[in-house]
Amino acid sequence: MEPSRIFELVNFVALIAWALMIFTPHWKYTQKMVTTLVVPFILAVAYILIIAFCSTGSGFDFSSLAEIRNLFNNDYMLLAGWIHYLAFDLLVGCWILKKAFSENWPLYMSIPSLLFTFIMGPVGLFIFMLTYFAKKKAWITIGDR
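A few points on the structure. Residues take numbers from 1 onward in each chain, read along the sequence in its written order. Totals for whole chains, interfaces and linings use all residues, but because this is a predicted model, local features are given only for residues with pLDDT of at least 70 and pairs of side-chain atoms are given and counted only at 80 or more. Remark: hydrogens and water are excluded; side-chain values derive from all non-hydrogen atoms of the structure.

Runs of E in the DSSP output that reach at least two residues are strands. Runs of H or I that reach at least four are helices, and both are numbered from the N terminus. Check the secondary structure of the protein and you find 7 helices and 0 strands. Counting from the amino terminus, helix and strand elements in the protein follow one another as α-α-α-α-α-α-α. Dimensions along the principal axes, computed over C-alpha positions, put the protein at roughly 50 × 35 × 25 Å. For the protein, the proportion of its 145 residues judged to be buried stands at 32%. In this analysis, two residues are considered to be in contact whenever any of their non-hydrogen atoms come within 4.5 Å of each other. In the protein, of all internal contacts separated by at least 6 residues, the share reaching a separation of at least 24 is 64%. Here the accessible surface of atoms and residues is derived via Shrake-Rupley with a 1.4 Å probe, and residues count as covered only by protein chains that are part of the display. Entry remark: accessible area of the protein is about 9,200 Å², with carbon and sulfur atoms responsible for 70%. Relative accessibility thresholds used throughout: buried, under 20% of the residue-type maximum; exposed, over 50%; partly exposed, between the two (1.4 Å probe, protein chains only).

Leftover empty space is mapped by rolling, across the atoms, a probe with the size of a water molecule. Each pocket or cavity is described by its volume, and for the largest pocket that value is around 290 Å³. Think of a 1 Å grid over just the protein atoms. A cavity is a set of points where a 1.4 Å probe fits yet cannot get out, a pocket is an open set with protein on both sides within 12 Å along at least five of seven lines, and lining residues have an atom within 4 Å of a point. Around the largest pocket, the lining is made up of 16 residues, and of these Y85, D89, T117, F118 and G121 lie nearest the centre. Counting only elements with at least two residues in the lining of the largest pocket, the list comes to helix 1 (3–23), helix 5 (75–102), helix 6 (107–120) and helix 7 (122–136). If you tally residues by element for the lining of the largest pocket, the top one is helix 5, at 5 residues. Its residues assigned to classes, the lining of the largest pocket comprises 12 nonpolar, 3 polar and 1 charged. Grid points are joined across faces, edges and corners, and a volume is the space filled by probe spheres set on the points. The nonpolar class holds Ala, Val, Leu, Ile, Met, Phe, Trp, Tyr, Cys and Pro. Asp, Glu, Lys and Arg form the charged class, and all remaining residues, Gly among them, are polar.

Our next topic: the pattern of salt bridges. One speaks of a salt bridge when a side-chain nitrogen belonging to Lys or Arg is within 4 Å of a carboxyl oxygen belonging to Asp or Glu. Taken as a whole and assessed by the stated rule, the structure comprises 2 salt bridges. Between E8 and R5 there is a salt bridge; the shortest N-O distance is 3.3 Å. One end of the pair, E8, and the other, R5, are both in helix 1, 3 residues apart, so they sit about a helical turn from each other. On the basis of relative accessible area, R5 is assigned to the partly exposed category, the value being 42%.

The next point concerns the nonpolar core. Ranked by internal contacts, the top residues of the largest apolar core, which has 32 residues, are M21, L43 and I83. Counting residues per element, this core draws most heavily on helix 5, at 11 residues. Excluding residues that lie within four positions of it along the chain, I83 makes contacts with I6, V10, L43, A46, Y47 and I50. As used in this record, nonpolar core signifies buried Ala, Val, Leu, Ile, Met, Phe, Trp, Tyr and Cys residues forming a set joined through side-chain atoms within 4.5 Å.

Let us look at the packing of aromatic side chains. Side-chain rings of Phe, Tyr and Trp, where Trp is taken by its six-membered ring, are said to pair if the distance between their centres is within 6.5 Å; with planes under 30 degrees apart they count as stacked, over 60 as edge-to-face, and otherwise as tilted. This model, assessed by the stated rule, comprises 7 aromatic pairs. When the ring of W18 is compared with that of F118, the centres are 5.5 Å apart and the planes differ by 45°; the resulting orientation is tilted. In this pair, W18 is assigned in helix 1 and F118 in helix 6, connecting sequence segments 100 residues apart. Aromatic side chains W105 and Y132 sit 6.0 Å apart centroid to centroid with 35° between the ring planes, which places their arrangement in the tilted category. Of this pair, W105 sits in the loop between helix 5 and helix 6 while Y132 sits in helix 7; the two residues are 27 residues apart in sequence, bridging distant segments of the chain. Accessibility classification places W105 together with Y132 in one group, the buried group. Each member of the aromatic cluster is reached from another via a ring pair, and the members are W95, W105, F128 and Y132.

This is the structure:
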């Protein structure tokens, strides 16, 4: 399949997941998607398949910006890099929503974090962490405690 078609498909899948998390976070199917991490898993599978079947075989050299630029000259590797972003941003979004629910936050408190995570990944995580700190007066931890 052409990289542009795969790009359209993975973007559509990610967009649907984000729309569910932002607009219908309490819906049972959204909750199931968030807790099972099914969409990041699907994106991870797509990433693995692209790396396994479409890489140039010359290896992955991340030792310099020039080498990374060279790696991304291949459309499939550029696509894999994009899927990497989609999967991890979505994983962070699922974690934000799950954490907000576990803290019984009103929905309006997590929406800005989710929107920014969708658009600018780390910015959304930053906003969530600041919001958490402002509300709890404590730094956030990864565990469920």
